[in-house]
Amino acid sequence: MNPSKPPRRKVIQANGDDSGDKQDQLLLSSAICNNEDLGPFIRKAFASGKPETLQHHLKHFARSKESEIEEVCKAHYQDFILAVDDLRSLLSEVESLKSSLSDSNSKLQSVARPLLTSLDSFVETRNVSRNVNLAVESVGACVQLMEVCSRANSHLAGDNFYMALKCVDAIERDYLDKTSSSTLKKMLEKKIPEIRSYIERKVNKEFGDWLVEIRVVSRNLGQLAIGQASSARQREEDLRIKQRQAEEQSRLSVRDCIYALEEEDEDGVAAGIGDEGHSNGNGNSGGVLGFDLTPLYRAYHIHQTLGLEDGFKQYYFENRKLQLTSDFQVSSMTPFLESHQTFFAQIAGFFVVEDRVYRTGGGLISKMEVENLWEIAVSKMCSVLEDQFSRMQTANHLLLIKDYVSLLGVTLRRFGYPIDALLDVLSKHRDKYHELLLSDCRQQIAEAVAGDKFGQMVMKKEYEYSMNVLSFQIQTSHIMPAFPYVAPFSSTVPDCCRIVRSFIEDSVSFMSYGGQLEFYDVVKKYLDKLLGEVLDESLLKLINTTVNGVFQAMQMAANMAVMERACDFFFRHAAQLSGVPLRMVERSRRQFPLRKARDAAEETLARLLKSKVDGYMTLIENVNWMTDDPPQGGNEYVNEVIIYLETSFSNASQILPTQVLKRVIPDVLSHISDSIVGTLVSDSVKRFSVSAVTGIDTDIKLLESFAENQAVLFFDGDADKLKSALAESRQMVNLLVSNHPENFLNPVIRERSYSALDHKKVVIVSEKLKDPSDRLFGTFGSRGSRQNPKKKSLDTLIKRLRDVS
């Protein structure tokens, strides 16, 4: 069937503008065919006021396309007819197929209806089975959940918080999402945070209690550690004493002596603090002090489990830092001398605990944090020591604190803490300590010296001898004397020796364990100051103000002789305590440090003896200088002097050593000689006879005999030295009794025989010698006699000496 075609319309074009419209039409057609935007054409049409022209062109384009469409349809019309025919034939076939399918469906339904019924029953049964299995699984999961919850409650009731947290984590990880009960799930979601919060609070409370308890434990622990360090130091000191004794015995003994000295393990203290008992897995240690870190490590482990590890580390560090800061508080109500042990023991215990935590805490505190705390503590301790040392005015107090600080340093150095800053503070106050110690010793020595009764010390028991003599090595013999023993010295000697020995020990104690390996020179410097300034001045003052009698002077001179031996002991003792070989001390031995007091004592003794002798020498005024017969047995004054000297020197020889007598006796004899010559020179003797000179010669011989008797106490060469003290009087008498006094003018003879004479004195004495022939009225009977040759020689001597002068 062919549809009617509509007639084609012709386009009537105006003649006025055919070329322009044609151009616009072509452009518009090209834009439409290219799917370009027609906006410019529309705007142009409206802008020019000719929209009808645009509409006309569009209609023309549409009519041109209709013709094309018509041509296409004509080309496919036959194909379309054929397709419709095929569809009609296919429709008939579909109808037959539909009938066949309906028959097959009826047959299939009749056959499959029983099977479908069975299938529905199977599906229903399977669903029921699935539901039952799901219910059983849910019930099983709930039962397991309840068991885990029950274990968690049991662990909570037993304060086994770590296992409780493990149960809670298991519930949250394995059961919470699988729980079908919404009620149970809501309950768990609510209770799990509450349980964790409860455990955290509980553990924090235990940790807080531990922080309070550890302060008391730290103080006791510090005291124990420092006490063990003190014991170790004492053992080391005992070993050194034994070693010194062994060295001394091997040095003095002929045979070899072998000693085996056991050494103390330096780590004994460090191993015995904080490691008592057996440590468990948490690092706790149960010692006699209850040094238990279990609460700390438990809290740390729980916070690790809760995921709060970093927060707990910071919390622990800040709390311990606050505790350390509070430990630095020094009470102004209690003297530091009474509280310093508690103060330093608290700090020592604190760092013993921190060292233990650092080594066994599994990273709870780092090495840098421990070092930071130690720097804070050292800075504060140095500040406290500086302040307290600056206030102290008693050497013993300063020494007590220094000893304890040095023990603190030894204790903490064994745990690896640097203590150089503390040692620097102790060394800084070395001079102040010794000045205070010297001041104390000055007062003690003044008291000891003031209480001296100038009596020989009597010792009734062996222990008294050992305590007052042997302990200072001032004995003159190694044989134990019989008791009661009368010592040659007074009580001042052992009293002063004890003071000096105590000074040495205190000085060494202050210098020991202070970071200096060799400190003998320092100890020796202050020992020289004690002996040379303090003791020497005190004894010198005693001698100058108190000694008024000969026996007192003898006792002081005897004391000084003993003190000379004691000074040797002092330097040896200082060297031994300082660990310096004795040979170095003997090699560097200096002058006697108490020489001023020694010289003053001997000078005082000699002065008092001279004063006593002068009292007897006044009897020389009774001598008959113009006698014709010399006195038999010497003049009275010399006998009295010799009796006194024999008595005095006999007593002196019992307490004075030989070297003192060697200095005193010649001085006294020289004084007697000077007195005799002085008497001959003095105006009290106008003239004297040869017989009087002979009597003086006898007196001098008696004195020389006394000197020879005293010389047996000395060496062989000392007899001539004693006689030489009488040289001036002896040579003067020899010159007066000589037949050739002019030999005095011969330099050789004068140097050999008259070297002690002063020519002025010789002139004065020679002028006083009366010629034997010059008697009353003698000149009348001897006018024609020759002049005495001796008189002539003596006159020549006098004249020549006057010419020289």
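On a predicted model such as this, the values are computed, not experimentally measured, just so you know. (Residues numbered from 1 in each chain as written. Predicted model: local features only at pLDDT ≥ 70, side-chain atom pairs only at ≥ 80, totals over all residues. Heavy atoms only, no water.)

S.K.: Is there a simple way to think about the overall build of the chain in this case?
M.R.: Scanning the chain from N- to C-terminus turns up 28 helices and two strands. Counting every position in the chain, which comprises 805 residues, the buried fraction comes to 40%. Looking at the chain as shown, the accessible area adds up to about 45600 Å², and 52% of this sits on carbon and sulfur atoms. (Helix = DSSP H or I, 4+ residues; strand = E, 2+ residues; numbered from the N terminus. Buried < 20%, exposed > 50% of the residue type's maximum accessible area, 1.4 Å probe, protein only. Areas by Shrake-Rupley, 256 points an atom, 1.4 Å probe, with all protein chains shown as cover.)

S.K.: Before we go on, may I ask you to explain the packing of helix α9 (residues 336-360) against helix α10 (residues 367-391) in this structure?
M.R.: Packed helix pairs are characterised by how far apart their axes lie and by the angle those axes make with each other. Look at α9 against α10: their axes get within 11 Å of each other, and the N-to-C directions meet at 170°. Overall, the two elements α9 and α10 adopt an arrangement that is roughly antiparallel. Contacts between α9 and α10 involve Phe-336, Phe-343, Phe-344, Ile-347, Phe-350, Phe-351, Glu-354 and Tyr-358 on the former and, on the latter, Lys-367, Val-370, Leu-373, Trp-374, Ala-377, Met-381, Val-384, Leu-385 and Gln-388. Partitioned by chemical class, the residues of the contact of α9 with α10 number 14 nonpolar, one polar and two charged. (Axes fitted to C-alpha atoms, helices over the stretch in contact; angles between N-to-C directions. Parallel < 35°, antiparallel > 145°, perpendicular 65-115°, else oblique. Contact = heavy atoms within 4.5 Å. Nonpolar A, V, L, I, M, F, W, Y, C, P; charged D, E, K, R; others polar.)

S.K.: Sorry if this is basic, but what is going on with the side chain of Arg-730 here?
M.R.: Along the chain, the position of Arg-730 falls in helix α24 (residues 727-737). Only 3.1 Å separates the side chain of Arg-730 from the side chain of Glu-704, close enough to count as a polar contact. Residue contacts for Arg-730: discarding those within four places in its chain leaves Asp-697, Ile-700, Lys-701 and Glu-704. (Polar contact = N/O pair within 3.5 Å; in protein donor to acceptor, adjacent residues only side chain to side chain.)

S.K.: Explain the pattern of salt bridges here, please?
M.R.: Side chains bearing opposite charge may pair, as long as their charged atoms lie close to each other. Per the counting criterion, the structure on display carries 20 salt bridges. The residue Arg-598 makes a salt bridge to Asp-599 at a minimum N-O spacing of 3.5 Å. A network of salt bridges, in which partner residues are shared, links Asp-697, Lys-701, Glu-704 and Arg-730. (Salt bridge = Lys/Arg side-chain N within 4 Å of Asp/Glu carboxyl O.)

S.K.: Got a minute to help me understand helix α11 (residues 395-413) in this structure?
M.R.: Every α-helix winds through 3.6 residues per turn, so residues three or four apart in the chain are directed the same way. Counted at 1.5 Å a residue, the expected span for α11 with its 19 residues is 27 Å, and the 26 Å between its end C-alpha atoms agrees. Burial analysis of α11 places 15 of its 19 residues in the buried class, the great majority of the element. (Expected span 1.5 Å × (residues − 1).)

S.K.: Looking at this model, I keep getting lost on the packing of helix α19 (residues 595-617) against helix α21 (residues 658-681). Mind explaining?
M.R.: α21 packs onto α19 with a crossing angle of 35° between their chain directions and a minimal axis gap of 10 Å. Where α19 crosses over α21, the handedness of that crossing is right-handed. Taken together, the residues of α21 that come into contact with α19 (itself represented by Arg-598, Glu-602, Leu-605, Ala-606, Leu-609, Lys-610, Val-613, Asp-614 and Met-617) are Val-660, Arg-663, Val-664, Asp-667, Val-668, His-671, Ile-672, Ser-675 and Ile-676. Residues of the contact of α19 with α21, tallied by class, amount to 10 nonpolar, two polar and six charged. (Left-handed = near helix turned anticlockwise from the far one by under 90°.)

S.K.: Can you walk me through the packing of aromatic side chains in this structure?
M.R.: The relation between two aromatic rings is expressed through the spacing of the ring centres and the mutual angle of the planes. Under the counting rule described, the total for this entry stands at 21 aromatic pairs. The structure contains a cluster of three or more aromatic residues connected by ring pairs, namely Phe-207, Trp-210, Tyr-300, Phe-312, Tyr-315 and Tyr-316. The side chain of Arg-750 reaches across the aromatic face of Phe-744, ending 5.7 Å from its centre. (Phe/Tyr/Trp six-rings, centres within 6.5 Å; stacked < 30°, edge-to-face > 60°. Lys NZ or Arg CZ within 6 Å of the ring centre and 35° of its normal.)

S.K.: How do you make sense of the confidence of the model for the chain when you look at a structure like this?
M.R.: Should the pLDDT be low somewhere, the predicted coordinates at that spot are not to be read in detail. Per-residue confidence for the chain averages 79 on the pLDDT scale, and 85% of its residues sit at or above 70. At the low end of the mean pLDDT range in the chain sits helix α27 (residues 778-781), at 36; at the high end sits strand β1 (residues 458-459), at 90. Every residue in residues 251-271 is under pLDDT 50, and counting partners more than four places away or in other chains gives 22 contacts. Every residue in residues 773-786 scores below 50 in pLDDT, and together they form three contacts with partners more than four places removed in sequence or on other chains. (pLDDT = per-residue confidence, 0-100.)

S.K.: Would you explain a nonpolar patch on the surface in this entry?
M.R.: Together, Leu-87, Leu-90 and Val-94 make up an exposed nonpolar region whose accessible area comes to about 270 Å². Secondary-structure assignment places Leu-87 in helix α3 (residues 51-157). The exposure class of Leu-87 is exposed, given its relative accessible area of 55%. (Patch = residues over 30% accessible without salt bridge, like charges linked within 9 Å, V, L, I, M, F, W, Y side chains within 5 Å.)

S.K.: Hey, could you run me through unusual backbone geometry in this one?
M.R.: Excluding glycine, most residues fall at negative phi; most peptide bonds, likewise, are trans. Cis geometry is adopted by the peptide bond preceding Pro-484, which originates at Phe-483 and carries an omega value of 5°. Relative to the helices and strands, Pro-484 resides in the loop between α14 (462-468) and β2 (485-486). Within the chain, Gln-473 stands out as a residue other than glycine whose phi angle is a positive 55°. Structurally, Gln-473 can be placed in the loop between α14 and β2. Since its relative accessible area comes to 37%, Gln-473 is described here as partly exposed.

S.K.: What am I meant to see in the environment of Glu-767 here?
M.R.: Considering the arrangement of structural elements, one finds Glu-767 in helix α26 (residues 759-768). Residue classification places Glu-767 among the partly exposed positions, given a relative accessible area of 32%. Each C-alpha atom, one on Glu-767 and one on Phe-688, is 9.7 Å from the other, the two residues being 79 residues apart in sequence.

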